[in-house]
Amino acid sequence: MKIAITSGKGGTGKTTVSTGLFHIITRYLKYNVQLLDCDVEEPDCHIFIKASENCRYPVTIAIPEIETEKCTFCGKCKSVCAYNAIIMLPPAGYIEVVEDMCHGCGACLYVCPEKAIRENIKSVGKITHYDYYVQDEFIEGRMDVGSALQTRVIRETINHAGEDGIILMDSPPGTSCPVIATASKADYVIMVTEPTPFGLYDLKLMADTVRQLGKKHGIVINKAGFDYEPLYNFINENKIPILGEIPFKREYAEAYSKGMIPADSDVELRKIFMGIINSIINGKTL
Ligand code: SF4
Ligand code: SF4
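What you see is a predicted model, and the numbers here were worked out from it, not measured in a lab. (Residues numbered from 1 in each chain as written. Chains lettered and ligands numbered in written order. Predicted model: local features only at pLDDT ≥ 70, side-chain atom pairs only at ≥ 80, totals over all residues.)

## Focus: the overall build of the protein
Then comes step 1: Helices and strands together make up the secondary structure of the protein, namely 10 helices and 11 strands.
Then comes step 2: The dimensions of the protein, computed from C-alpha atoms along their principal axes, are 70 × 45 × 35 Å.
Then comes step 3: At a minimum sequence separation of 6, the contacts of the protein that also span at least 24 residues come to 75%. (Helix = DSSP H or I, 4+ residues; strand = E, 2+ residues; numbered from the N terminus. Contact = placed C-beta atoms within 7 Å.)

Now the structure itself:
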């Protein structure tokens, strides 16, 4: 069962929930579990999950290069490119692939009648496997500095997951393509929010996205304790289950700022995380 942990904006507590659930399942529950850090632009689960590196794999794409002397400027490659990554100025004898926009799909290479296109392999990121309590329990995707192909690295990170047990996916924040690349692969989506106007605004966007993807979903309210009625009204009106509420406590913030997992030493929080996971898997065989 794949569970994506998302939030409409950064700083809401997504990583707190991902790493807290992972640690609690690993230490206290009977299920096989893997944590995938799919927030590949700035992965930070490793700060809390102190695991030892096992192995590393490169993520690459094939970037086309056009040999101008062979090119007849027929324009077929430019027409087929869905990402507008080819610039062509026939009167100036100029044609070039914009690397940052190219997704390495290979369509231009396929349609070129003059065989004027060859491919160069380029690194866009890396996948690192870590051993936590068990081998390969934690997998991190990380983009290379300067690369713009988040979704490519996310897809590859998810491909590295095993088949069994619970796969927790720490998603990038927001509602754009990288989130879709993560949430679309999930069986269940946890939306983390906070009881503030900003939290509610972003939750509405996230809930809309998840509904359109047709995914089962529920909410975790982080920094709970402020009676912000509009949030609860929205949740009730839309009949979204609240999986758990993590209270706003100074001790949690202090532990988090030191790279610790507060649920490890706090029984109340541990019960909340166990409640979250139990409400999701209730009735399922893992
Ligand atoms: S490989 Fe695909 S994305 Fe890249 S330039 Fe060719 S058609 Fe466009
Ligand atoms: S398809 Fe080939 S020949 Fe035609 S413009 Fe592109 S590179 Fe040139």
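## Quick look at the nonpolar core
Then comes step 1: Core analysis: the biggest nonpolar cluster contains 59 residues, and I3, L21, L168, M169, I190, M191 and V220 have the highest contact counts within it.
Then comes step 2: Ranked by residues supplied to this core, first place goes to helix α10 (residues 267–281) with six residues.
Then comes step 3: Those residues in contact with I3 that sit more than four places away from it in its chain are I166, L168, M169, A186, D187, Y188, I190 and I280. (Core = buried A, V, L, I, M, F, W, Y, C linked by C-beta atoms within 7 Å. Buried ≥ 20, exposed ≤ 12 C-beta atoms within 10 Å, placed from the backbone.)

## Considering the site of ligand 2
Then comes step 1: If you check the shell around ligand 2, you find 14 residues, and the closest are C71, C74, K76, C77 and C112.
Then comes step 2: Taken together, the residues of the shell around ligand 2 sort by class into 10 nonpolar, two polar and two charged. (Near = placed C-beta within 6 Å. Nonpolar A, V, L, I, M, F, W, Y, C, P; charged D, E, K, R; others polar.)

## With respect to the domain arrangement of the protein
Then comes step 1: Under the domain assignment, the protein is made up of domain 1 (2–59 + 125–281) and domain 2 (68–115).
Then comes step 2: Computed from C-alpha atoms alone, the centre-to-centre distance between domain 1 and domain 2 is 40 Å. (Domains from an automatic or database assignment.)

## Section: the site of ligand 1
Then comes step 1: Of all residues adjacent to ligand 1, which total 14 residues, the nearest are C81, A85, C102, C105 and C108.
Then comes step 2: Counted by class, the shell around ligand 1 contains 11 nonpolar, three polar and no charged residues.

## Concerning the sheet that holds strand β2 (residues 33–37)
Then comes step 1: Read across the open sheet, the nine strands follow the order β3-β6-β7-β2-β8-β1-β9-β10-β11; overall the sheet is mixed. The open sheet terminates on both sides in strands that have one partner only, identified here as β3 (52–66) and β11 (242–247). Looking at each pair of strands side by side, their axes are set apart by 20° on average, direction ignored.
Then comes step 2: Judged from the four bridges that link them, strand β10 (residues 216–224) and β11 form a sheet pairing that is parallel. Bridge pairing links I221 to E245 in β11.
Then comes step 3: Relative to the sheet, helix α1 (residues 14–28) contacts β1 (2–6), β2, β8 (166–170), β9 (188–193) and β10, its axis offset from that of β8 by approximately 160°.
Then comes step 4: The sheet contacts of helix α7 (residues 197–213) involve β1, β9 and β10, and relative to β9 the element is tilted by about 170°. (Pairing = 2+ DSSP bridges. Axes fitted to C-alpha atoms, helices over the stretch in contact; angles between N-to-C directions.)

## Quick word on the packing of α7 against helix α8 (residues 229–237)
Then comes step 1: Where α7 meets α8, the closest approach of the two axes is 9 Å, and the angle between their N-to-C directions is 20°. Judged by the angle between their axes, α7 and α8 are roughly parallel. For the crossing formed where α7 meets α8, the hand is left-handed. Contacts between α7 and α8 involve G199, L200 and K204 on the former and, on the latter, P230, L231 and F234.
Then comes step 2: Across the contact of α7 with α8, the residue classes break down as four nonpolar, one polar and one charged. (Parallel < 35°, antiparallel > 145°, perpendicular 65-115°, else oblique. Left-handed = near helix turned anticlockwise from the far one by under 90°.)

## Structural notes on unusual backbone geometry
Then comes step 1: Phi is positive for N84, close to 50°, though the residue is something other than glycine.
Then comes step 2: Structurally, N84 can be placed in the loop between α3 (76–80) and β4 (86–89).
Then comes step 3: Assessed through the 10 C-beta atoms surrounding it within 10 Å, N84 is described here as exposed.

## Describing α10
Then comes step 1: The terminal C-alpha atoms of α10 lie 21 Å apart, and with 15 residues this matches the ideal 21 Å at 1.5 Å per residue to within 8%.
Then comes step 2: Looking at α10, one finds that the buried residues are L269, I272, F273, I276, I277 and I280. Projected down its long axis, α10 carries its buried residues within an arc of 125°, all on one side. Seen from the open side of α10, the exposed residues pointing more than 90 degrees away from its buried face are V267, E268 and N278.
Then comes step 3: Taken together, the buried residues of α10 touch β1, α1, β9, β10 and β11. (Expected span 1.5 Å × (residues − 1). Arc of directions from axis to C-beta.)

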